[in-house]
Amino acid sequence: MKIAFIGLGNMGLPMALNLIKAGHQVFGFDLVQAQLDAFKEAGGISMSSASDAALNANIIISMLPASQHVEALYLGDLGLLATANPKSLLIDCSTISPKVSQAVAAAAKSRGFAMIDAPVSGGTAGAQAATLTFMVGGDAVDVDLARPLFEKMGKNIFHAGPSGSGQTVKVCNNMLLGIQMLGTSEALRLGVANGMDPKVLSDIMSKSSGRNWVLELYNPCPGVMDNVPSSKGYAGGFGVDLMLKDLGLATENAEDLAASIPLGELSRKLYEMHSKAGKGHLDFSSVFNQVED
Ligand code: NAD
């Protein structure tokens, strides 16, 4: 396959490198030169614009920060819908609003392109180890075409439903994760206030009905687990501002549908306070400290 990969950041770069390792020819573009240099050094073909990268590709993958970046990449005056070959399959792996995702896919369809949304879960470690979970929305025929590529970047590939469904699942999942992180932090803080050792508390709750992914694999209390952001000064991992963006997507989505998400909204406010306190760049488990503040 000839693949254009647009957005070579924390997630996109390791994902693109796994496609190169699998023997594909990958044309990459990122606005940041350092990311392009790292891509080139690892065997990628670096290009000077998204349109150039897409020129000879039959698959175009984007991995950008948020909805507005995806809209600009595809719908802008010199965007990919105006410049790329309509025979190429478009795959957006960014986490964006389901509504925007559907609108971009509809615009793509009107220009003769097939497009699927394929946001991921599994973090930067999953992107490096090619163990991501893909949540895919779009027509089955297009999902099947992309599946062999997803299998080179991930372990679990789910076809969630029609266009936008991948983003819907991602928004629900990350809202739950954001709430779980706050709930787990609150429980750990309460135990510690009682004089409990947080490791003993975590071990017991991990084998009891409060068990969850945060408690088992991503403990927010420093020193309980090795190799998680909380034991490395909350560096790396999944940023507070990215979690805040995802909770904003959940709020916006719920408002559109008049759906009730009181815990999601409360969580969004707590992450927002944490971000405004200057912690937006830290891993989202640092909200453990916001709970106490
Ligand atoms: P990032 O900020 O590290 O990377 C995004 C890259 O896109 C940057 O390098 C930026 O320069 C580039 N970019 C922006 N606009 C561009 C354009 N028009 N053309 C080319 N390049 C452009 O972000 P990330 O951590 O890689 O996350 C990407 C997406 O994946 C986000 O939507 C995020 O929510 C989602 N996500 C992230 C994680 C994680 O753990 N970091 C996990 C799952 C999903």
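Rules used in this analysis
- Residues numbered from 1 in each chain as written.
- Predicted model: local features only at pLDDT ≥ 70, side-chain atom pairs only at ≥ 80, totals over all residues.
- Heavy atoms only, no water.
- Near = heavy atom within 4 Å.
- Polar contact = N/O pair within 3.5 Å; in protein donor to acceptor, adjacent residues only side chain to side chain.
- Areas by Shrake-Rupley, 256 points an atom, 1.4 Å probe, with all protein chains shown as cover.
- Helix = DSSP H or I, 4+ residues; strand = E, 2+ residues; numbered from the N terminus.
- Nonpolar A, V, L, I, M, F, W, Y, C, P; charged D, E, K, R; others polar.
- Domains from an automatic or database assignment.
- Buried < 20%, exposed > 50% of the residue type's maximum accessible area, 1.4 Å probe, protein only.
- Contact = heavy atoms within 4.5 Å.
- Axes fitted to C-alpha atoms, helices over the stretch in contact; angles between N-to-C directions.
- Parallel < 35°, antiparallel > 145°, perpendicular 65-115°, else oblique.
- Left-handed = near helix turned anticlockwise from the far one by under 90°.
- Core = buried A, V, L, I, M, F, W, Y, C linked by side-chain atoms within 4.5 Å.

Caption draft 1: Main features of the site of the ligand. Neighbouring residues of the ligand: 21 residues in total, closest Asn10, Met11, Asp30, Pro65 and Lys245. Leu31 has a polar backbone atom sitting 3.4 Å from a nitrogen atom of the ligand. Contact distances for the ligand include 3.0 Å between an oxygen atom and a backbone N or O atom of Leu64. For the ligand, the accessible surface in isolation is 830 Å², of which the surrounding protein chains cover 87%. For the shell around the ligand, the secondary structure elements donating two or more residues are helix H7 (123-129) and helix H12 (240-257). When its residues are assigned to classes, the shell around the ligand shows eleven nonpolar, seven polar and three charged. Each of two domains, domain 1 (2-163) and domain 2 (168-292), supplies a minimum of three residues to the shell around the ligand.

Caption draft 2: Region of interest: the side chain of Asn212. Topologically, Asn212 is positioned in the loop between helix H10 (198-206) and helix H11 (213-217). Given a relative accessible area of 12%, Asn212 falls into the buried group. For Asn212, the side chain forms a polar contact with the side chain of Thr184, separated by 3.1 Å. A distance of 3.2 Å separates a polar atom in the side chain of Asn212 from the backbone oxygen of Gly210. Among residues more than four places away in sequence, those in contact with Asn212 are Gln180 and Thr184.

Caption draft 3: Molecular detail of the packing of helix H1 (residues 12-21) against helix H2 (residues 33-41). H2 packs onto H1 with a crossing angle of 20 degrees between their chain directions and a minimal axis gap of 10 Å. By the angle between their axes, H1 is roughly parallel relative to H2. Relative to H2, H1 is oriented so that their crossing is right-handed. Here Leu13, Ala16, Leu17 and Ile20 of H1 come into contact with H2, specifically with Gln35, Ala38 and Phe39. Partitioned by chemical class, the residues of the contact of H1 with H2 number six nonpolar, one polar and no charged.

Caption draft 4: Geometry of the nonpolar core. Residues Phe5, Met15, Ile60, Tyr74, Ile91, Phe134 and Phe150 are the most contacted members of the largest nonpolar core, which totals 55 residues. Each residue touching Phe134, except ones within four places of it in the same chain, is listed here: Met15, Cys93, Ala118, Pro119, Val120, Phe150, Met153, Gly154, Asn156, Ile157 and Phe158. Judged by nonpolar contacts, the second largest core, of 18 residues, contains Val240, Met243, Ala250 and Ala254.

These results come straight from atomic positions and should not be treated as a statement about function.
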